[in-house]
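Structure assessment
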Amino acid sequence: MEVFKTKSALKAFLAPLKASGKRIALVPTMGALHNGHISLIKMAQQNAEVIICSIFVNPTQFTDPKDLEKYPRPIEHDLAMLADAGCNGVFMPDVAEMYPQGADEDWHIDLGNAEFLLEGEFRKGHYQGVTQIVKKLFDAVEPDVAMFGQKDFQQVLMIKNMLAHFSLPINIIICPIIREEDGLAMSSRNIHLSDVDRKNSLVLNQSLKYVADHFDEFDLKELETKAKAFYENIDGVELDYFTIANGATLEPATSKEENSVVALVAAKVGSTRLIDNMIIK
């Protein structure tokens, strides 16, 4: 497994592979890898011959500087996981390599109204930062296919909108959420949960599962009310939102007959903010 710190070294590695017709897959990450990330590598191996994983903690998508500062960076652990998973190359640039003009360089594109809903309401400007770095990674790798996890459902939608904006010929594959045995969605943030928080965090999956299991029994408004009731009287859990939304727009679903319906939730558990979702149809 090769490790690249610069775009020029990465491009030099990829050029002959592309010339020989090899399909290239990109798995963008911010490191602190877990089995959810490895599932993306495995999915990539089913769709391409060459797998590049990027590890870059992107400063422009953090709305809270403290969040950026405390983001875990276990590089040796991450590289060992990627080597074991059969990754072909790791792109691990520093900030100056990705933002030669500085991280405040101008970037703003129209991502549609969904940018300002849900996570966009709580983390203003977050998706401009996400799409900015993903575009830079796409330019560096020029992959045929890129893998993203369903857990960041809204993020995937924003990246697809960015692709459409630039007419980029990259196939986006959404990979299913990987959960712990008790149902908690795997996340790099889970290491910050205390034992009590860890137990309380299960409410996210429980409320989503309730909606999926009872989707045919109640109307949408009643389902949402019942799901939100899961969060009442749990000390240390603060619900940011729970919504049953149209999967294409993230506006509240108005009918069960819509083509795509997804339940999405965000909550602060102790001092750690968690997100989760479940595709209902």
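Remember, it's a predicted structure, so these values are computed and weren't measured experimentally.

A look at the sheet that holds strand β1 (residues 2-4)
Strands belonging to one sheet form pairs held by backbone hydrogen bonds; the direction of such a pair is parallel or antiparallel. Spatial strand order, β1-β4-β3-β2-β5-β6: 6 strands in an open sheet with parallel pairing. In this open sheet, the two strands that pair with only one neighbour each are β1 and β6 (171-175). Neighbour to neighbour, the strand axes of the sheet diverge by 25° on average, direction disregarded. The pairing of strand β5 (residues 145-149) with β6 spans 5 bridges and is classified as parallel. In the sheet register, Ala146 faces β6, and the bridge partner there is Ile172. Running at roughly 165° to strand β3 (residues 50-55), helix α1 (residues 7-19) makes contact with β1, β2 (24-29), β3 and β4 (89-91) of the sheet.

Side note on the UniProt feature "active site" (unreviewed entry) in the protein chain
The UniProt record marks His37 with the feature "active site" (unreviewed entry), using the residue numbering of this structure. As for its placement among the helices and strands, His37 is situated in helix α2 (residues 35-45). Take His37: its relative accessible area is 15%, and that puts it in the buried class. Each residue touching His37, except ones within four places of it in the same chain, is listed here: Thr29, Gly31, Ala32 and Ser188.

Some points on the pattern of salt bridges
Tallied over the entire structure, the rule returns 10 salt bridges. Between Arg189 and Asp67 there is a salt bridge whose closest N-O contact spans 3.3 Å. Linking Arg189 in the loop between β6 and α9 (195-200) with Asp67 in helix α3 (residues 65-70), this pair joins segments that are 122 residues apart in sequence. Among the salt bridges present, the one from Lys135 reaches Asp139, with a minimum N-O distance of 2.9 Å. Of the two residues, Lys135 and Asp139 both sit in helix α7 (residues 126-141), 4 residues apart, roughly one turn of that helix. Owing to a relative accessible area of 13%, Lys135 belongs among the buried residues under this scheme. Relative accessible area serves as the criterion here: at 37%, Asp139 is assigned to the partly exposed category. Overlapping salt bridges bring together Glu119, Arg123, Asp240 and Arg273 as one network.

Reading the values: rules and limits
- Along each chain, residue indices are assigned from 1 in the same order as the chain's sequence is written.
- Thresholds applied to this predicted model are a pLDDT of at least 70 for local features of residues and 80 or more for the giving and counting of side-chain atom pairs; totals over whole chains, interfaces and linings are not thresholded and use all residues.
- To get the side-chain values, all heavy atoms of the structure are used, and hydrogens and water are removed first.
- By this definition, two strands are paired if DSSP reports at least two bridges between them.
- Here a strand is any run of E in DSSP of at least two residues, a helix any run of H or I of at least four, and the numbering for each starts at the N terminus.
- Axis definition: a line fit to C-alpha positions, over the contact stretch in the case of helices; interaxial angles, taken between N-to-C directions, run 0 to 180 degrees.
- The criterion used for residue contact is that any of the two residues' heavy atoms lie within 4.5 Å.
- UniProt positions are given in the numbering used here, feature names are shortened, and annotations may be inferred rather than shown by experiment.
- Each residue is placed in one exposure class: buried if its accessible area under a 1.4 Å probe, protein chains only, is under 20% of its type's maximum, exposed if it is over 50%, and partly exposed if it falls in between.
- By definition here, a salt bridge exists when the distance from a side-chain nitrogen of Lys or Arg to a carboxyl oxygen of Asp or Glu is within 4 Å.

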